[in-house]
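What follows is each chain in one-letter form.
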Amino acid sequence: MPDFSDVMIITDLDGTLLPENKILSEKDLEAIKKFRSDGGKFTIATGRTIQSADRYIKELEIDIPVILYNGSLIYDVQKQEVLFTDELPECAPDIAKELFGFMENPGGEVLKLDNIYVVCNNDYEKEHVKICQVEPAYMSLEDVPAGGWFKILFATEPSLITDLEEYISERNFNVDFVRSHDTFIEMLPKGSSKGAALKEYIKIMKMNNTKVIAAGDYHNDIEMLTAADIGAATANAQQAVKEASDIVLKNTSSENAIAELIDMLYTGKI
């Protein structure tokens, strides 16, 4: 019997473990269950909130901490405790106001520990809420309770997100931005990322002797893939993600990419 007690797999959700229909496949679930039964540790790193990730945490039976909000939070799902957090600075609302003002037909939300606050609504934001499967609060940016802002998501059509990305690059904001989808760009605390959170995770969990294998598909996963001992990109990953990875899987998120990754462990390919 193989012993994977010194191995942890950490994966992105949307576009990596989750296919377009957002339903976990039986093949992936069976592979993860087998890996864990042989001592392996399994967790997720996602841009989702606690509320929108909860369904998958339960279905996957995750029993170790998870990384949420694209790295702004490490959360112990068993104790329901925050282990690490990184919040946006006080200037974040002013930056967001400027960016929403720049956008044509803006959509966007503020993400806090307790909920998602939709502050500008358009078709892309509506689709994001649908994906997250939560009931958000709707209010103006000025009315969102102060403090504890983990990230702000901006949503609109791809070409306009590119325009926003270019506008941001010309400004000197004291925050970071990452593109997490063709139609989304996110404001994060300075230095915050899935990769930075993974490094903090390893310290908190005292896992320096654990082999960490990370999987992802989009730009917001790159720092996590490079921070891990082995980074794996799905076949549907962005080219920049593939180039940053040690392994490019043959399968997409719709073709059980995580099951393929686990099979590589069992066959000694990694």
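What you see is a predicted model, and the numbers here were worked out from it, not measured in a lab.

### What about the pairing of strand E5 (residues 81-85)?
Phase 1 of the analysis: Bridging between strand E4 (residues 73-76) and E5 involves four bridges; their strand directions are antiparallel. Considered in E5, the bridge of Leu73 is made with Thr85.
Phase 2 of the analysis: Linking two consecutive strands that pair antiparallel, namely E4 and E5, is a turn of four residues; a positive phi of about 55 degrees is found at Gln80 within it.

### Some words on the pairing of strand E13 (residues 230-233)
Side-chain positions along a regular strand alternate between the two faces of the sheet.
Phase 1 of the analysis: Here E13 shows no split at all, with Ile230 and Ala232 on one side and Gly231 and Ala233 on the other all buried.
Phase 2 of the analysis: Across four bridges, the pairing between strand E12 (residues 211-216) and E13 is parallel. Each residue of the ladder has a partner; that of Ala214, found in E13, is Gly231.
Phase 3 of the analysis: With two bridges connecting them, E13 and strand E14 (residues 247-248) associate as parallel partners. Following the sheet pairing, Ala232 is matched in E14 by Ile247.

### Examining the sheet that holds strand E6 (residues 107-111)
Phase 1 of the analysis: Strand order in this open sheet of six strands is E8-E7-E6-E9-E11-E10, and the pairing throughout is mixed. The sheet terminates laterally at strand E8 (137-138) and strand E10 (176-181), the two strands that pair on one side only.
Phase 2 of the analysis: Contacts from helix H3 (residues 92-102) reach E6, strand E7 (116-120), strand E9 (151-155), E10 and strand E11 (184-188), with the element oriented near 5 degrees to E9.

### A look at the sheet that holds strand E1 (residues 7-11)
Phase 1 of the analysis: Pairing is parallel across the open sheet formed by five strands, whose spatial order is E2-E1-E12-E13-E14. The open sheet terminates on both sides in strands that have one partner only, identified here as strand E2 (41-44) and E14.
Phase 2 of the analysis: Sheet topology note: the E1/E2 ladder contains four bridges and is parallel. Paired with Met8 across the two strands is Lys41, which belongs to E2.
Phase 3 of the analysis: Each of E1, E2 and E12 is contacted by helix H6 (residues 194-204), which is oriented at about 150 degrees to E1, the strand it contacts most.
Phase 4 of the analysis: Relative to the sheet, helix H9 (residues 257-266) contacts E1, E2, E12, E13 and E14, its axis offset from that of E1 by approximately 165 degrees.

Scoring rules and cut-offs
Throughout, residues of each chain are indexed from 1 in the direction in which the sequence is written. Per-residue local features are limited, in this predicted model, to residues with pLDDT of at least 70; the limit for side-chain atom pairs, both in listing and counting, is 80 or more; totals at the level of whole chains, interfaces and linings are taken over all residues. The basis for every side-chain value is the complete set of heavy atoms in the structure, and neither hydrogens nor water enter the calculation. Two strands pair under a simple rule: DSSP has to find at least two bridges between them. Helix and strand labels come from DSSP, where a helix needs a run of H or I of at least four residues and a strand needs a run of E of at least two; each type is numbered from the N terminus. Exposure is judged per residue with a 1.4 Å probe applied to protein chains only, and the accessible area is read against the type maximum: over 50% gives exposed, under 20% gives buried, and values in between give partly exposed. Here, residues are in contact when the closest pair of their heavy atoms is within 4.5 Å. Only the stretch in contact is used when fitting a helix axis, every axis being a line fitted to C-alpha atoms; angles between N-to-C directions are given from 0 to 180 degrees.

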